[in-house]
Structure formats: structure tokens, C-alpha cells
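Report on the structure
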2 protein chains.
Amino acid sequence: MTKRAGIRDVAREAGVSPATVSLVLNDRAATRIPASTQERVRRAAADIGYSPNSVARSLRTRTTRTIGLISDEIATTPYAVRMIEAVQDGARAHGHLVFLVSTAAERSLERDAVAALRDQQVDGLIYACMWHRDVEVPQGMPPGSVVLDGRPDRAGYPAVVPDDRRGAEVAVQALVDAGHRRIAYVDIDEDPSPLASGLRHEGYLAVLAAAGIDPDPALHVKGSADAVGARDAAGRLLELPPGRRPTALFCFNDRMAMGAYSAARRHGLEIPTDLSVVGYDDQQLIAAELDPPLTTVALPHYDMGRWAVEVLLGSREAPPDQGVMLMPCPLITRESVGPPPAEQKEPGRRRT
Amino acid sequence: MTKRAGIRDVAREAGVSPATVSLVLNDRAATRIPASTQERVRRAAADIGYSPNSVARSLRTRTTRTIGLISDEIATTPYAVRMIEAVQDGARAHGHLVFLVSTAAERSLERDAVAALRDQQVDGLIYACMWHRDVEVPQGMPPGSVVLDGRPDRAGYPAVVPDDRRGAEVAVQALVDAGHRRIAYVDIDEDPSPLASGLRHEGYLAVLAAAGIDPDPALHVKGSADAVGARDAAGRLLELPPGRRPTALFCFNDRMAMGAYSAARRHGLEIPTDLSVVGYDDQQLIAAELDPPLTTVALPHYDMGRWAVEVLLGSREAPPDQGVMLMPCPLITRESVGPPPAEQKEPGRRRT
DNA sequence: ATGAAAGCGCTAACAT
DNA sequence: ATGTTAGCGCTTTCAT
């Protein structure tokens, strides 16, 4: 890289002082400087390819137009990159650049990251979780930093999470509307249980209650978070005697719905004819690609990410005091939901 | 944020000059300053919680310990975030922070990003593609910047891409080793055809040739890149008369392998008993979760990302002149490959 | 309407 | 062995 042109180079070229160049190039010239001079300055700048050194400017103005995005993990839940993209887009819209640092949720790395970012004088910090959870805000996070997809343990940090309870309601309601009354919840078996697990269970129960359906505890099963765990859990459900067997499965997530598909297949059940399935997450490359495509509830990653930057950069109101913003999770209707089978029948034969 | 302590605060506290503090804190004190003074300085710094302002330091040293990572897209191929993570990790290992900017592959955004990053005085730039392709290096990219998962159109840019040809060879060889001789290539139908498509085809043909198998053009089919397109393409293959039908499918990617699974299922074929399938990408949340788990070839995203930072930051040799580094793609053996069925039989019955 | 000069917080020559 | 000084490239009073 050859030496970059500086403001004094422009000044010399235009026959004015550096101060004037600064004024003009920052649109602070308003009334002060005649259009002709402004024109001359801009020409000179363009001619020599001048572009201000952000570091010097930052030192002087004490604002860097950068933000830091700390994410606890990045690769495990690939679809959550939508949050990163959203933060990116929002930052760009505000003329900011973003430092990304992922910390694998290690406390010491988190502290280092916060410190490094503060040393860089970032204008704001976002702490992003890759899944809805309680978060212990890292030491040194300046108040005003926003928490993304997590619930901060301390006040002073605006936060946004998906409205999992409401999302589950929408999902289960869709099943009720299709005529189902024996609806199972294929839950995740993890310790500690994710916040989303409980919230979605609440939503599930609320809709059943509202529909006058007595919840059958046997229809709340748990399996490990992968397709195999879900396949087994769903399998147990499908082995229930005809009268007790569910006609619809609400699955904790799309990955588990994928397992439910396997179980149905192994039981000779057609989706959605013999069994309806709803997932959660709207995970790219799963939900839409399953056969048949999966009806699911979308996690509003992009919206949450956008919300976070905008609150951080002040273009949107933070929720009053301790309030956590609940972002709606829309139902994505595809083809895995149908009316319940006319009667409880024997495991069907595959169509030929 | 209350006013940060500065180096002069530490100096006053320790009863020395700012210069001494700088020396000590940067481990440049070597022989010059007695241990006792050093200790005093460090104590003072710790006491008042001093941490140097990176912006000021950068202005002075003309090096920022930051790098810029420009990625053409981020959300579409979620598994490619492994590259970002790798860059992250490598940067951290070198004490650098990374600016992430995604440009949706728009030329004007790319140019803006390059300019903004240069204004920030980043120490280096990486241009990352989300899939192996030819890249027109954005205007203003300083020579020495590295291209990740792409082939630059100009010299002066070290680059790394997956060794798709060799990867395909390994995949098809696994099939040959299992005893297959009628092996199809379920290719992607896209215009322009991705580099990987052609390279993998070459690898496929090379292995067949080496095994003395005459390639049957009817076994090279194409489908759209989603599960449905692949299902149809694979379906056509499975409808071939017994003697011509393939016993194994090499799929362009895991998503298409997923479609092949659907097709097999619809034809009453069991995997791997009746049909073997190999994918490509080792896409998280697909390959491992399919039933049965998919044998596939991994794209070395992490390794490539790591390579890129290390070359950028000088801890690894760049390939000689125009050379593009080919990163090996390892075979991930799971359960979708078996020996060919004893004889061409009628579509099998599902196990009960 | 413009310029001179100070200074953001640090580091690196150069003195002492 | 340590301190003084002069900037890094900009912005911003304050003078003129």
C-alpha cells in the first residue's frame, strides 16, 4: 500500500487550509464557505483519491462508528446467522461497522472480548445468544449494551427474545383448527430445560384449555434434541393404542420434526393424511426440504437482530425499564398439517 | 461510561513518566527499567483499571490489529459460517479483531466495504465466498488480501478452495470399493454451472476410468439444487430397467442426497441395502440426521478459514505466485453405503 | 470566509 | 534508567 493521501494533501491541492477541507468534507460548511471553494475542495479530494483516516477521526471525535457483536456460539445453530446478518444490515444503515467476536460462551473469552472491544472504543455492544436463554451479562459490559435472544440477569440492558409462548399457541391452534383433539407435544429432553421448552409447553396447554381439550400427560413426551431422539419419542407415541394415539404432533423444533417424520414412515403413516406435524424454528434447509414440506413456526432472528442494533444506535425506543421485548414468531404454513384421519385406523399402507 | 483512565493517570499514580508506562506495559522494558519500577507501574495500572486506548495506539503505530472479512453472502449457506468462525479463531490467536461485513455479492456494497475497511486502517482483508467460484476481486482490495473459497481473477491474491475433484474421487472410490459398478452422478442443474459441479464430475469420471468402468451417460443426471429437484432426478434413475439402474448414487450435495432418500423411499428402496448414497458438504443438521445417516464428503470450511487468516497475517506461507491452495475434502463415513444388492431385484418391501 | 493552533491518547526518538 | 518532546491525522475552537 502506497502512502495514503492526507487532509493536508487535499488542502494544499485546493489551496486552502486543512480546517476548511474538514469542514467541507463533513458537510459542516453550511453558510460559511462559498460554493466555489467547496467545489474546489471536493474536486481536489476526488482527484487525489482522498478518504479520511477513520482512526485519526475517531481519536479526535471520541466516536468510532463501530459496534461490537459478541456471540456466544456461531456454528452450532447455523440458522441464527440471520441475526448476525440483521445486525450487519442495521449497522450499515447507520453507517457503522461491526466487530464480530464469538466466544464459545466461555466466560474468560467473553471478558476479554468485552475489554478488547472497549479498548477499540466501540460505540456500543450487543451480546447475542444463539438460543433463547438466561444470560449472565459479562463483566464490563457497559450499560446500554443490548442482549439479543437472551434474558439479562441485570437491569440496564435492553433485550429481545422470541415470543415462544405465543408461537406455540399459534402452532397448536393451527392443529386445533384443522380438527385435531389428540395433539402431542414432542418436547426436548435437556438439562437444564431450555426456556423455550417450558414456554412452548405453556402455549400448548393454553390452547388446549381454550379449546376445551383435556391435556393427556401421556402425550407430552421428551426426546434428545436430534432426529434419532425425536424419532424414538414420536415412535412411542405412535405405538399407543388407537384411541389414545395422537393424530398430530407439535415438535419442539424442526430437527425433531424430522425425527417424527422418520417415526411416521416406520409406522407406515403418511403425512399429513394419517398424521399431522408442526415444527418450530423454520430452519433453512430442513423445514422446506422435508417431504412433505413442514409447517412450522419461524424464529424471528432477523427481526430480533435488527431490533437490537436499532435500539443500540438509538433509532428505536428501548422497552421501558426491565422489560424484555417479545418478538412475534409467525406460523409458516406448508404441507404437513391436514385434518385428522376419519377414524383411528390400522397403520396405513404406503401408496404405490 | 465514566471517563477512562489514561496513560498519564497511570504515570502519575506510579510516579513515573507516560513513556515509562508505555515501555513497561508493552514489554519493551527489557533491560532498561528495573523490576521494581515495572512492578510499581503494573500495580498502578491494575489499581486504576487502566487499559490502553487502541485507537490512539493505532494512530501512532500505524497498525490496528484488526482485519476485515468481507463475505459475499452469509445466510444462504449456513454451514459456511464455519469459515467465519475459523477466521475469528485465527485472528484471535494473532491478537487481532475482525470486522465482518456481508455484501450480498453486490459490487457497489463490496467497493464501499473495501473503502470503509481501508479507512479503518485494517491490517488485512479477506474476501470470502460462500461457495467455490470464480471471483472478480473488488476494486481497491490491497494486494496481499486473501480470497477464501474462491478463485481470484487477478494475480497477487493468495487463495484457497476445496479440492472438489479429489473429494469426488474419494467419494466415488468408496462406492467402487463397496463393489458398485453402476454409479450415478446426481449433478446440480444450474446456470452457470458451479465450478464444483464440473470438478466433481471429473473426479467421478477419473475413478470410474481407473476402475475400468465404462461411464454410462444415462447415469449422469441433473436436477435443481433443492430436495425436490434431486428427488425427481434420482427418481428417473430408479425407474431405469433393472440392468441399467444404478446401485449407487453420488450426489452433488447433501441437500440433493436428501432428495435421493425421498426418491428411494418412494420406490420402496432401502438405504443402504437396496441403494447406496453418498453426498457432499457434510452439512450440519442434514447429513448426520438423515435416516440412515449419510456418508458424505466434508467441505473443509474451517481449515480454509484458518488458512486464510494465517496466510494473511503471515504465520503461514502463501502458495507460490498464482497458485491456489487446494484444501482436502475428507470422506465422512456414516451408514448410507453398503454393497450392491446381490442381484437386480424388484422394488423391495419395507421392513415391518 | 478562512486559517492557526491545540489536542484526542498514545509511542518512539532523542536527551539526560 | 528514565523523562521530554514530537508527532500519528484528524476536528474544532478561536482569531482574524
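Just so it is clear, the structure is predicted and the values come from calculations on it, not from any experiment.

1. Considerations on the packing of helix H2 (residues 18–25) of chain B against helix H3 (residues 35–47) of chain B
Residue and element names in this part refer to chain B. With their axes 10 Å apart at the nearest point, H2 and H3 run at an angle of 90° to one another. The angle between the axes of H2 and H3 places the two elements in the roughly perpendicular class. Residues Thr20, Val21, Val24 and Leu25 of H2 touch H3, and the partners they reach there are Thr37, Gln38, Val41, Arg42 and Ala45. Split by residue class, the contact of H2 with H3 holds 5 nonpolar, 3 polar and 1 charged.

2. Quick notes on the relation of the copies chain A and chain B
Mapping chain A onto chain B calls for a rotation angle of 180° and an axial translation of 0.0 Å; the resulting RMSD is 0.1 Å. In short, the pair behaves as if placed about a two-fold rotation axis. Both copies share a contact surface, since 98% of the interface residues of chain A are interface residues in chain B too.

3. Concerning the packing of aromatic side chains
With the rule as written, the count across this model stands at 7 aromatic pairs over all chains. Their ring planes at 35° and their centres at 5.5 Å tell us that Tyr185 of chain B and Tyr204 of chain B sit as a pair that is tilted. With Tyr185 of chain B in strand S6 (residues 183–188) and Tyr204 of chain B in helix H8 (residues 195–210), the pair connects residues that are 19 residues apart, well separated along the chain. Of the two residues, Tyr185 of chain B and Tyr204 of chain B, both sit in the buried class. For the pair Phe250 of chain B and Tyr280 of chain B, a centre-to-centre distance of 6.4 Å together with 55° between the ring planes defines the contact as tilted. Here Phe250 of chain B, found in strand S8 (residues 248–251), pairs with Tyr280 of chain B, found in the loop between strand S9 (276–278) and strand S10 (296–297); they are 30 residues apart in sequence, far enough to count as distant. The residues Phe250 of chain B and Tyr280 of chain B share a single accessibility class, namely buried. Connected via pairs of aromatic rings, a cluster forms that spans Tyr185, Tyr204, Phe250 and Tyr280 of chain A. Sitting over the face of the ring of Phe252 of chain A, Arg200 of chain A holds its NZ or CZ atom 4.5 Å from the ring centroid. Residue placement shows Arg200 of chain A over the ring face of Tyr280 of chain A; its charged tip is 3.5 Å from the ring centre.

4. As for the interface of chain A and chain B
Bring the parts together and some accessible area is lost; that lost area is often taken as the interface size. Counting from both sides, the interface comprises 56 residues of chain A and, opposite them, 55 residues of chain B. Carbon and sulfur atoms make up 56% of the area that chain A and chain B hide from each other, which totals about 5400 Å². Here chain A and chain B share 8 salt bridges between them. The residue Asp291 of chain B makes a salt bridge to Arg266 of chain A at a minimum N-O spacing of 3.0 Å. If you look at where chain A meets chain B, you find 24 residue pairs in polar contact (both at pLDDT 80 or more). Among the secondary structure elements, those contributing two or more residues to the side of chain A that touches chain B are helix H4 (54–61), helix H5 (81–93), strand S2 (97–102), helix H6 (107–119), helix H9 (227–238) and helix H10 (254–266) of chain A. Looking at the side of chain A that touches chain B residue by residue, the class counts come to 27 nonpolar, 12 polar and 17 charged.

5. A look at the domain arrangement of chain A
With domains assigned, chain A is organised as domain 1 (7–52), domain 2 (66–157 + 302–327) and domain 3 (165–294). On a C-alpha basis, the centroid separation for the pair domain 1 of chain A and domain 3 of chain A is 65 Å.

6. Brief notes about unusual backbone geometry
Along the chain, Asp291 of chain A connects to Pro292 of chain A via a cis peptide bond; the corresponding omega equals 0°. When you line up the elements, Pro292 of chain A lands in the loop between strand S9 (276–278) and strand S10 (296–297). Even without being a glycine, Arg62 of chain B presents a positive backbone phi close to 60°. Mapped onto the fold, Arg62 of chain B is located in the loop between helix H4 (54–61) and strand S1 (66–71). Taking relative accessible area as the criterion, Arg62 of chain B reaches 65% and is therefore assigned exposed. With a phi angle near 115°, Asp281 of chain B is a residue other than glycine that sits in the positive phi range. With respect to the secondary-structure elements, Asp281 of chain B resides in the loop between S9 and S10.

What counts and what doesn't
Within any chain, residue numbers begin from 1 and follow the written order of that chain's sequence. The order in which chains are written sets their letters, starting at A; the order in which ligands are written sets their numbers, starting at 1. Two thresholds apply to this predicted model, a pLDDT of at least 70 for residue-level local features and 80 or more for giving and counting side-chain atom pairs, whereas whole-chain, interface and lining totals are computed over all residues. Heavy atoms throughout the structure, all of them, feed into the side-chain values; hydrogens and water do not. Between the N-to-C directions of two axes lies an angle of 0 to 180 degrees, each axis being a line fitted to C-alpha atoms and, for a helix, fitted only over the stretch in contact. Secondary structure elements follow DSSP: runs of H or I of four or more residues count as helices, runs of E of two or more count as strands, with numbering from the N terminus. Angles below 35 degrees are treated as roughly parallel, those above 145 as roughly antiparallel, those between 65 and 115 as roughly perpendicular, and all remaining angles as oblique. In this analysis, two residues are considered to be in contact whenever any of their non-hydrogen atoms come within 4.5 Å of each other. Each residue receives one of three labels: charged for Asp, Glu, Lys and Arg, nonpolar for Ala, Val, Leu, Ile, Met, Phe, Trp, Tyr, Cys and Pro, and polar for the others, Gly being one of them. Least squares is the method used to superpose the copies, on C-alpha atoms of residues holding a pLDDT of at least 70 in both. The pairing test for Phe, Tyr and Trp rings, Trp by its six-membered ring, is centres within 6.5 Å, and the orientation test on the planes gives stacked under 30 degrees, edge-to-face over 60, and tilted for anything in between. The cut-offs for exposure are 20% and 50% of the maximum accessible area for each residue type, with area from a 1.4 Å probe on protein chains only; residues under the lower value are buried, those over the upper are exposed, and the others partly exposed. Put simply, a charge is over a ring when the Lys NZ or the Arg CZ is close to the ring centre, within 6 Å, and near the line of the ring normal, within 35 degrees. Using a 1.4 Å probe, buried area is obtained as the accessible area two parts lose upon being combined, added over both of them. Between Lys or Arg on one side and Asp or Glu on the other, a salt bridge is scored when a side-chain nitrogen of the former is within 4 Å of a carboxyl oxygen of the latter. For this analysis, a polar contact is any N or O atom pair within 3.5 Å, provided that within protein one partner can donate a hydrogen and the other can accept it, and provided that sequence-adjacent residues contribute only side-chain to side-chain pairs. How far each domain reaches was decided by an automatic or database domain assignment.

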